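One letter stands for each residue in the lines below.
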Amino acid sequence: NAGVTQTPKFRILKIGQSMTLQCTQDMNHNYMYWYRQDPGMGLKLIYYSVGAGITDKGEVPNGYNVSRSTTEDFPLRLELAAPSQTSVYFCASSWGGWKNTEAFFGQGTRLTVV
Amino acid sequence: DQQVKQNSPSLSVQEGRISILNCDYTNSMFDYFLWYKKYPAEGPTFLISISSIKDKNEDGRFTVFLNKSAKHLSLHIVPSQPGDSAVYFCAASEDTNAGKSTFGDGTTLTVKP
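All of these numbers come straight from a predicted model, not from anything done at the bench. (Residues numbered from 1 in each chain as written. Chains lettered and ligands numbered in written order. Predicted model: local features only at pLDDT ≥ 70, side-chain atom pairs only at ≥ 80, totals over all residues. Heavy atoms only, no water.)

### Re the interface of chain A and chain B
Here comes step 1: Contacts between chain A and chain B engage 22 residues on the former and 21 residues on the latter.
Here comes step 2: Taken over both partners, the interface formed by chain A and chain B buries close to 1,900 Å², and the fraction arising from carbon and sulfur atoms is 58%.
Here comes step 3: In terms of surface lost to chain B, no three residues of chain A exceed Leu43, Trp98 and Lys99 of chain A, which account for 38% of the buried area on that side.
Here comes step 4: Taken together, chain A and chain B are joined by 0 salt bridges.
Here comes step 5: Run the count over chain A and chain B and you get 3 residue pairs in polar contact (both at pLDDT 80 or more).
Here comes step 6: Secondary-structure elements contributing two or more residues to the side of chain A that touches chain B are strand E4 (31-37) and strand E5 (43-51) of chain A.
Here comes step 7: At 4 residues, E4 of chain A tops the list of elements feeding residues into the side of chain A that touches chain B.
Here comes step 8: Partitioned by chemical class, the residues of the side of chain A that touches chain B number 11 nonpolar, 7 polar and 4 charged. (Contact = heavy atoms within 4.5 Å. Buried area = accessible area lost by both parts, 1.4 Å probe. Salt bridge = Lys/Arg side-chain N within 4 Å of Asp/Glu carboxyl O. Polar contact = N/O pair within 3.5 Å; in protein donor to acceptor, adjacent residues only side chain to side chain. Helix = DSSP H or I, 4+ residues; strand = E, 2+ residues; numbered from the N terminus. Nonpolar A, V, L, I, M, F, W, Y, C, P; charged D, E, K, R; others polar.)

Take a look at the structure:
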């Protein structure tokens, strides 16, 4: 099983550029999440989804958009990259919510905005 | 306002001894708590969890203790092994929103041989 796969692993963006971080899972999980981790900090929830077609904002959604057209995929879109979005981004999935099941994380995407 | 706090950024222990990692929370609505471990250049992996209806949960060398009145939980690792060296994150979630969780900033554990 591949688990949760994120692409790309690394990316350098110029200010104002756009990009999509890809996330796919092969575990048929209902819940999917996007987090960012800044240096020395914990994980901050950007967006999450409880199933295909349903998404909701987390703690730090500004500057990002998501969609969930299939159970497997949960892409994260950055429309106008800013230096404040330099971070490591983690996608995760779980069968149920945080109370009921273990969440599995991808290996992360390290994004630098210059 | 940080709702989940791990006040020790780092901890160093000798192999074979006990490691105790601490976590404090402020939101009384949190009712489920988790610990995740993270190695460099990898995603976090689930370690152990505890519901607010319990005060202790054990899984092999790992035990989590919850003190609801003090809004404090701790992770005990006994005995500590060099392979336990990693960043440990405490996280909490509320019953009313299963999709959200709040993470602490992490504690870097170093276990010396």
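### A few points about the packing of aromatic side chains
Here comes step 1: One pass over the structure, following the stated rule, counts 12 aromatic pairs over all chains.
Here comes step 2: Centroid distance Phe89 of chain B to Phe103 of chain B: 6.4 Å. Interplanar angle 75°. Geometry classified as edge-to-face. Separated by 14 residues along the polypeptide, Phe89 of chain B in strand E9 (residues 86-94) and Phe103 of chain B in strand E10 (residues 97-103) bring together distant segments of the chain.
Here comes step 3: Following the ring pairs from residue to residue traces out a cluster consisting of Tyr31, Tyr33, Tyr35, Phe90 and Phe105 of chain A together with Tyr36, Phe46, Phe89 and Phe103 of chain B. (Phe/Tyr/Trp six-rings, centres within 6.5 Å; stacked < 30°, edge-to-face > 60°.)

### A few points about the state of the cysteines
All names here are of chain A.
Here comes step 1: Using the criterion set out here, one finds 2 disulfides over all chains in the structure.
Here comes step 2: Disulfide pairing places Cys23 opposite Cys91 at an S-S distance of 1.9 Å. Taking the torsion about the S-S bond as the criterion, the Cys23 to Cys91 disulfide, at about -70°, is left-handed. Separated by 68 residues along the polypeptide, Cys23 in strand E3 (residues 19-25) and Cys91 in strand E9 (residues 87-94) bring together distant segments of the chain. (Disulfide = S-S within 2.5 Å.)

### Some points on the pairing of E9 of chain B
Residues and elements named next belong to chain B.
Here comes step 1: Burial runs high along E9: 7 of the 9 residues are buried.
Here comes step 2: Relative to E9, strand E4 (residues 30-38) runs antiparallel, the two being bridged by 8 bridges. Across the sheet, Trp35 pairs through a bridge with Cys90, a residue of E9.
Here comes step 3: Looking at chain direction, E9 and strand E11 (residues 107-112) are connected through 3 bridges and run antiparallel. Within E11, the position partnered with Val87 by the bridge is Thr108.
Here comes step 4: Here E9 hands over to E10 after 2 residues, the two strands then running antiparallel side by side. (Buried < 20%, exposed > 50% of the residue type's maximum accessible area, 1.4 Å probe, protein only. Pairing = 2+ DSSP bridges.)

### Here we look at the sheet that holds strand E1 (residues 4-5) of chain B
Here comes step 1: A sheet is described by the order of its strands in space; here 5 strands give the open sequence E1-E3-E8-E7-E6 (chain B), paired in antiparallel fashion. One side of each edge strand has no neighbouring strand; the edge strands of this open sheet are E1 and strand E6 (56-59) of chain B.

This is a description of form; function is not addressed.
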